[in-house]
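Given next are the chains, with one letter for each unit.
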Amino acid sequence: MPKNLLIVESPAKAKTIEKILGKDFTVKSSYGHIRDLPKSERAVDIEKGFLPKYIVTPDKKKVVNELKDWVKKVDEVWLATDEDREGEAISWHLAQVLGLDESRTKRIVFSEITPPAILQAVKNPRTIDRHLVDAQQARRVLDRLVGYELSELLWKKVKGKLSAGRVQSVAVRLIVDREREILQFNTTPFFKVSALFRVPNEQGKLTDLKADAPGKFNGEKDARTFLEKCIGATFTIGNIEVKPQKRRPAPPFTTSTLQQEASRKMGFSVKRTMVAAQKLYEQGFITYMRTDSTNLSELALNAIATEIENQYGKRYLHTRRYKSKSASAQEAHEAIRPTYIEKQQVPGNRDEQRLYELIWKRAIASQMSDAELEKTIVDIGISTMKDAQLQAEGEVLKFDGFLKVYLESKDDDEDEETKGMLPPLKVGQVLQMQHMDATQRFTRPPARYTEAGLVKKLEELGIGRPSTYAPTISKIMEEGRGYVIKDSRDGEERAYQMLHLKDGAITSKTQKEVVGKTKNQLFPTDMGSIVSDFLLEHFDDIMDYGFTADIEKQFDDIAEGKENWKAMLETFYKPFHANVEKTLEEADRASGERILGKDPGSGRTVLVRLSRLGKPVIQIGKPEELEEGEKPRYANLRGGQTMESVSLEEAMESFQLPRTIGQLDGQEVSIGEGRFGPYVRIGEQYISIPRGEDPLALTMERAMELIEEKKKADAPIGTYKGQAISKGKGRFGPFLKWNGLFINIPRKYNPDHITLEEAHKLIEEKLEKEANRYIRQWETEKISIENGRWGPFIRFRKKMISLPKVDGKRMTEEQAAEMSLEEVKKVIEAEVPDAFGKKKAKK
């Protein structure tokens, strides 16, 4: 029997560490937090000094009992949860629940899961750091109070089931503010002038030399005047300046820079990055992944130096000791790096492998020599304009240095034009111009945030910490909240002017370009904007970026023992709660109402607002403008429109839908717009209009084409047991339809060429799945336990509710089948408070 019990959070981590420590230790997992504040209540006793009412969560009761049994069997218990505040709090909760003496229980920390690091930690144990625990408790309690009270307020003043939070609401505000900057941005046109010359290269062959006029021309008149003055001019090289330049590598990754770079280089979401990083850490491949430090240990520096010398030679080595800009004591004290730098690749899934390669390259590059470049700037004089010139720029890489391994990406890479090597040139050389262009360009609004860009902004403002970025972004994008969406949108076509000077003549032509195209950028919804405005109006301190950052600083002070956590909560909570009460009493309901103008037909007011169901609507007629018993006219916003951006003209167009456009086979054909976008309707059949087509401009001929395409798509491909099988494409992809059942077509099948045999197989699998769908069912209660893709779950009316875990693992079908109705109801009530309470009678 082992003498020591060492407790970590993760089972994967436990397996790795147990192999290192040997037979004297048994390593068990707590599967994360074992205690927390219950979901369904405030769970903080304010009168008793903000006393949290912690409970052992239902899915952890068996884990706790097993750990208690192990505590009795061993001589000593060691706590080895993560080294940040969250990990320290888990250790404290374990000590509390398992009845361990805090003053004697050994607590160890490490930033990597390697034999040297683990054995060194065991040699240097400490006790639980109560300052770190208090900082975590302060965050948890404050965020519960703010979230609980603001969410209740939103239910009454905006719409039910909304939520708010101290950090998430500020993150939403950032996205709302940026969207408004974009909407209010006045695009200003200007012209840029460039010329193309033909000059001999080193082999004597003619090659292109591009030169630009510095600065901008305000309008077409100024640009044309410049081109006119260049007619017949002689272009002579007046000066050649050669500048040596150096480019330095970026420091090794912190949490936020890893999230940003994984997004830019690989398109990973913040959550996807952290899931892969967590797995890499637990397997011992990288150091702790929640850190704001760029520091590397001396051991790591030496190992990296050896690797660089072996791989690339001594000239490529430049040891650097980075210092973190953050003064926070919260996170690990080392950057994210490989634990064994000689491992260039690791096993695992594709995400883990790609992320590891990125971390390896960044760590190696950070200790490599600067890249050495030579930049050449050539000034070209214009004989007809003594005060004007053109400039050509070239760049030569003299020594690649760290660029041999890695180059950091930037959000605005697309704006940077790569400058190549210039042909041989000399001062006084006369150049032969081929042509000159003046191209109209436009000033651009700031870009919308991507997930990575939002993380960068939060870090710049000091809002949140490495452990909170991913949860914050996931929270504001949850479908149930509806505050922010990540979307890719087609741009719009825009015309621009181009003046072309060649052979002494200037011609003008209009070209077209697509602008405003976005990929995976964050857009606020109308609900997000309205909630943000409401909170900013009534809680300007909570929504203030500086105030939120100051709260984070106070958490840091608590972690360092400089401030008492309960005193900090007292100072914050009293004025906050008083403001909640005042707002509840005095504030009007928020609808985001915006007057657009007057209906040309009736003269009544046209406005947009949020309905009581939380849906944006266009409305004609205010109550005071209507006859007795008359109701306003309503229309929905069309795709891509928002309450803030829609114009009166666009709003009035929405009242043209639905519109009848003709008859086909004795049935009316109409165009409308619904929840999933615009459609053609014939009889009771709805056919989606492809993205990018304007439903107001759709002709009868085009509608007939769409109807015919739909007929072909829906034509039976065969039968199964005498019933027709048809194909279709819906919101979630291609499907088969048979006897009222919809069967998704998996990616491994080509829906356009699916065989009858394959269709039969999919139908049979679906029928088998449906037969095994219900594990238990209580029809009168509208409750069932069903088999799902990820295991059993509870279906209560239309809501799907997760079952509690058993020993940290998903409940099996057999375990779910043993649950009684009473047990199931308890799980439902934990998720849906008062789910079975009597409804209050309407007054």
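Residues numbered from 1 in each chain as written. Predicted model: local features only at pLDDT ≥ 70, side-chain atom pairs only at ≥ 80, totals over all residues. Heavy atoms only, no water.

Position of serine 194 relative to the elements: it lies in strand E9 (residues 189–200). If near-sequence neighbours (up to four positions away) are discounted, serine 194 is found in contact with Lys210, Ala211, Asp212, His435, Met436 and Asp437. (Helix = DSSP H or I, 4+ residues; strand = E, 2+ residues; numbered from the N terminus. Contact = heavy atoms within 4.5 Å.)

Attention now moves to the nonpolar core. Grouped together as the largest cluster of nonpolar side chains are 145 residues, with contacts concentrated most on Leu6 and Leu355. With eleven residues, the single largest contributor to this core is helix H5 (residues 130–157). In this structure, Cys230, Ala233, Ala392 and Leu499 belong to the second largest nonpolar core, which totals 30 residues. (Core = buried A, V, L, I, M, F, W, Y, C linked by side-chain atoms within 4.5 Å. Buried < 20%, exposed > 50% of the residue type's maximum accessible area, 1.4 Å probe, protein only.)

So, on to unusual backbone geometry. Cis geometry is found at the peptide bond from leucine 657 to proline 658, where omega equals -5°. Along the polypeptide, proline 658 turns up in the loop between helix H17 (648–654) and strand E23 (659–664). In this structure, lysine 782 is a non-glycine residue whose phi angle is positive, near 55°. Position of lysine 782 among the secondary structure elements: in the loop between strand E31 (774–778) and strand E32 (783–788).

For the rest of this paragraph, the subject is the pattern of salt bridges. The final tally for this structure, using the stated rule, is 58 salt bridges. A salt bridge links aspartate 694 to arginine 638; the shortest N-O distance between them is 3.2 Å. On the criterion of sequence distance, the pair formed by aspartate 694 in the loop between strand E26 (685–688) and helix H18 (700–714) and arginine 638 in the loop between strand E22 (633–636) and H17 is long-range, its members being 56 residues apart. Residue glutamate 709 is joined to arginine 702 by a salt bridge in which the shortest nitrogen-to-oxygen separation is 3.9 Å. Bridged by salt links that share partners, the residues Glu9, Lys13, Asp82, Asp84 and Arg290 form one connected network. (Salt bridge = Lys/Arg side-chain N within 4 Å of Asp/Glu carboxyl O.)

This paragraph deals with the environment of isoleucine 801. With respect to the helices, strands and loops of the structure, isoleucine 801 is situated in strand E34 (residues 799–802). For isoleucine 801, a relative accessible area of 2% translates into the label buried. Residues isoleucine 801 and valine 832, 31 residues apart in the sequence, show an inter-C-alpha distance of 9.2 Å. In this structure isoleucine 801 touches Phe793, Ile794, Phe796, Val827, Ile828, Glu831 and Val832, once residues within four positions along its chain are discounted.

Attention now goes to the sheet that holds strand E21 (residues 616–620). In spatial order, the strands read E19-E20-E21-E22; together these four strands make up an open sheet with antiparallel pairing. Sheet topology places strand E19 (594–598) and E22 at the edges, where each strand pairs with a single neighbour. Mean inter-strand twist for the sheet, computed between neighbouring axes without regard to direction, equals 25°. (Pairing = 2+ DSSP bridges. Axes fitted to C-alpha atoms, helices over the stretch in contact; angles between N-to-C directions.)

One open sheet holds the four strands; their spatial order is E31-E32-E33-E34, and the pairing between them is antiparallel. Two strands lie at the open edges of the sheet, namely E31 and E34, each paired on one side alone. Averaged over all adjacent pairs, the angle separating strand axes in this sheet is 30°, with direction ignored. Sheet topology note: the E32/strand E33 (residues 791–796) ladder contains six bridges and is antiparallel. When the bridges of E33 are listed, serine 784 appears paired with arginine 795.

Take it as geometry only, folks, not as evidence of what the structure does.
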